[in-house]
Amino acid sequence: MTDAQDLRPDDEPARTPDEELLVGPPEVATDPMRIQRMRRELEMGFAALADVERGVTIFGSARTHPDDPEYRHAVEVARRLGRAGYAVITGGGSGIMAAANEGARDVGALSVGLAIDLPFEEPENPYIDRPLHFHYFFTRKVMFVRYASAFVVFPGGFGTLDELFEALTLIQTRKIRGFPLVLVGSDYWTPLIAWLREHVLKAGKISATDLDLFAIVDDTDEIVRIVTEATERRTARRPA
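Along each chain, numbering runs from 1 in the same order as the chain's sequence is written. Given that the model is predicted, a residue must reach a pLDDT of at least 70 before its local features are reported, and side-chain atom pairs must reach 80 or more before they are shown or counted; all residues, however, enter totals for whole chains, interfaces and linings. Computation of side-chain values: all heavy atoms of the structure, hydrogens and water removed.

Trainee: Describe the packing of aromatic side chains, naming the residues involved and giving the relevant values.
Mentor: Geometrically, a pair of aromatic rings is defined through the distance of the ring centres and the angle of the planes. By convention, a stacked pair of Phe, Tyr or Trp rings (six-membered ring in the case of Trp) has centres within 6.5 Å and planes under 30 degrees apart, an edge-to-face pair has planes over 60 apart, and any other such pair is tilted. Scanning all chains against the criterion turns up 5 aromatic pairs. The interplanar angle of 45° and the centroid separation of 6.1 Å between the aromatic rings of Y136 and F138 together place this pair among those described as tilted. Of the residues examined, Y136 reaches a relative accessible area of 2% and is grouped as buried. Only protein chains enter the accessibility calculation, which uses a 1.4 Å probe; a residue is then buried when its area is under 20% of its type maximum, exposed when over 50%, and partly exposed in between. Given the relative accessible area of 40%, F138 is considered partly exposed. Ring centres of Y188 and W189 lie 5.0 Å apart, and the angle between their planes is 80°; this geometry places the pair in the edge-to-face category. The exposure class assigned to W189 is buried, which follows from its relative accessible area of 1%. Put simply, the rings of F59, F144, F151 and F179 pair up and form one aromatic cluster. Our definition puts a charge over a ring when NZ of Lys or CZ of Arg is within 6 Å of the ring centre and also within 35 degrees of the ring normal. Its end group placed over the ring of Y86, R54 keeps NZ or CZ at 4.2 Å from the ring centre. The ring centre of F46 lies 4.4 Å from the NZ or CZ of R146, which sits over that ring.

Here is the structure:
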């Protein structure tokens with residue numbers, strides 16, 4: 001998912017389907033028409049990704065420049081995951097998403113990009129083998145989760161934080177099980193986790209065990225190890 005770009009006060013972009021759905025009033029589409037579109041998007045995603053059995057969804061900022069060490073790290077992480085037999089799934093945009101798709105393509109791994117309809121133009125990056133286009137955020141988010149064996153989260157803004165906390169909520173509520181969630185970049189993520197521990201946990205809003213639902217990792221080898229071991233555990237639990 002991309003981080004939102006700034007819009008000038010006098011900009012009046014066309015409404016996206018998400019905006020029409022959430023704030024109305026209906027302008028062109030009716031609710032039955034929207035439901036049909038939602039169904040088509042889900043069916044499209046299921047059909048396009050049905051063969052993805054081992055995937056890793058990589059989140060991160062669209063604003064990360066190719067010269068940034070974080071970009072180069074994302075390329076290397078995706079390469080290593082690709083060599084380990086994983087497809088790489090991103091939001092299809094620039095920055096960390098482009099880096100991850102680039103790394104996957106470098107090693108011949110399936111490179112998936114799930115683009116989203118935004119009120120400003122956000123071109124998909126050139127490293128995607130299988131591009132999918134979504135009008136609604138929630139249908140896109142289903143694909144991020146359904147076809148992933150793990151989540152790897154690089155530094156990012158509101159969009160990345162949205163995806164991070166949605167993934168944590170799904171893991172915490174056991175809607176998904178055995179999913180490793182790896183936060184890459186201790187300098188970036190440690191202050192956020194400290195805030196969760198010092199304020200959210202102390203206020204009783206989460207449990208101490210909730211802070212064990214993710215790992216903060218800088219080392220590429222460790223990222224691959226965490227993802228691989230979790231995948232092996234999930235595979236071993238499947239009925240023969």
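Trainee: Describe the pattern of salt bridges, naming the residues involved and giving the relevant values.
Mentor: The term salt bridge refers to a side-chain nitrogen of Lys or Arg lying within 4 Å of a carboxyl oxygen of Asp or Glu. All told, the structure shown has 12 salt bridges when counted by the stated rule. A salt bridge links K141 to E166; the nearest nitrogen and oxygen atoms lie 2.9 Å apart. Placement of the pair is K141 in helix α5 (residues 137-146) and E166 in helix α6 (residues 158-172), with a sequence separation of 25 residues. Residue K141 is classed as buried on the basis of its relative accessible area of 17%. Runs of E in the DSSP output that reach at least two residues are strands. Runs of H or I that reach at least four are helices, and both are numbered from the N terminus.

Trainee: Describe helix α2 (residues 31-48), listing the residues and the values that go with them.
Mentor: Side chains that are three or four residues apart share a direction in an α-helix, a result of its 3.6 residues per turn. Helix span is expected to be 1.5 Å times the residue number reduced by one. For α2, built from 18 residues, the straight-helix expectation of 26 Å at 1.5 Å per residue is met to within 8% by its first-to-last C-alpha distance of 26 Å. Taken together, the buried positions of α2 are R34, M38, E41 and G45. Considered in projection along α2, the buried side chains sweep an arc of 60° and stay on one side of the axis. Counted as exposed and oriented over 90 degrees from the buried face of α2: P32, I35, R39 and A47. Arc definition: it is the arc formed by the directions from the helix axis to the C-beta atoms.

Trainee: Any details on the sheet that holds strand β3 (residues 111-116)? Residues and values, ideally.
Mentor: As a general point, the strands of a sheet are linked pairwise by backbone hydrogen bonds and lie either parallel or antiparallel. One open sheet holds the 7 strands; their spatial order is β4-β3-β2-β1-β5-β6-β7, and the pairing between them is parallel. Each end of this open sheet is capped by a strand with a single partner; those strands are β4 (130-134) and β7 (215-217). Across the sheet, the axes of successive neighbouring strands diverge by a mean angle of 25°, strand direction being ignored. Only strands joined by at least two bridges in the DSSP assignment are considered to pair. Sheet topology note: the strand β5 (residues 150-153)/strand β6 (residues 181-184) ladder contains 3 bridges and is parallel. Within β6, the position partnered with V153 by the bridge is L183. To get an axis, fit a line to the C-alpha atoms, keeping to the stretch in contact for a helix; angles then go from 0 to 180 degrees between the N-to-C directions.

Trainee: Describe in detail the packing of helix α3 (residues 69-83) against helix α4 (residues 96-106), supporting the description with residues and values.
Mentor: Any two packed helices are characterised by the angle at which their axes cross and by the distance between the axes. Where α3 meets α4, the closest approach of the two axes is 7 Å, and the angle between their N-to-C directions is 35°. The chirality of how α3 crosses α4 is right-handed. Contacts from E70, Y71, A74, V75, A78 and R79 of α3 reach α4 at I96, A98, A99, A100, E102, G103, A104 and D106. Note on convention: near helix rotated counterclockwise from far helix by under a right angle means a left-handed crossing. Clockwise means right-handed. Residues count as neighbours in contact if any of their non-hydrogen atoms are within 4.5 Å of one another.

Trainee: Can you lay out empty space enclosed by the protein for me, pointing to particular residues and giving the numbers?
Mentor: Both site types are read off a 1 Å grid over the protein atoms alone. A 1.4 Å probe that fits but cannot get out defines a cavity, while an open set with protein on both sides within 12 Å along at least five of seven lines defines a pocket; lining residues have an atom within 4 Å of a point. Grid points are joined across faces, edges and corners, and a volume is the space filled by probe spheres set on the points. Within this structure, the stated rule accounts for 2 cavities of 30 Å³ or more. Taken as a whole, the largest cavity spans an internal volume of roughly 80 Å³. Lining the largest cavity, in full, are F59, K141, F144, V145, F151, E163, E166 and A167. Elements with a minimum of two residues in the lining of the largest cavity: α5 and α6. Residues are grouped as follows: Ala, Val, Leu, Ile, Met, Phe, Trp, Tyr, Cys and Pro are nonpolar; Asp, Glu, Lys and Arg are charged; all remaining types, including Gly, are polar. Taken together, the residues of the lining of the largest cavity break down into 5 nonpolar, no polar and 3 charged.

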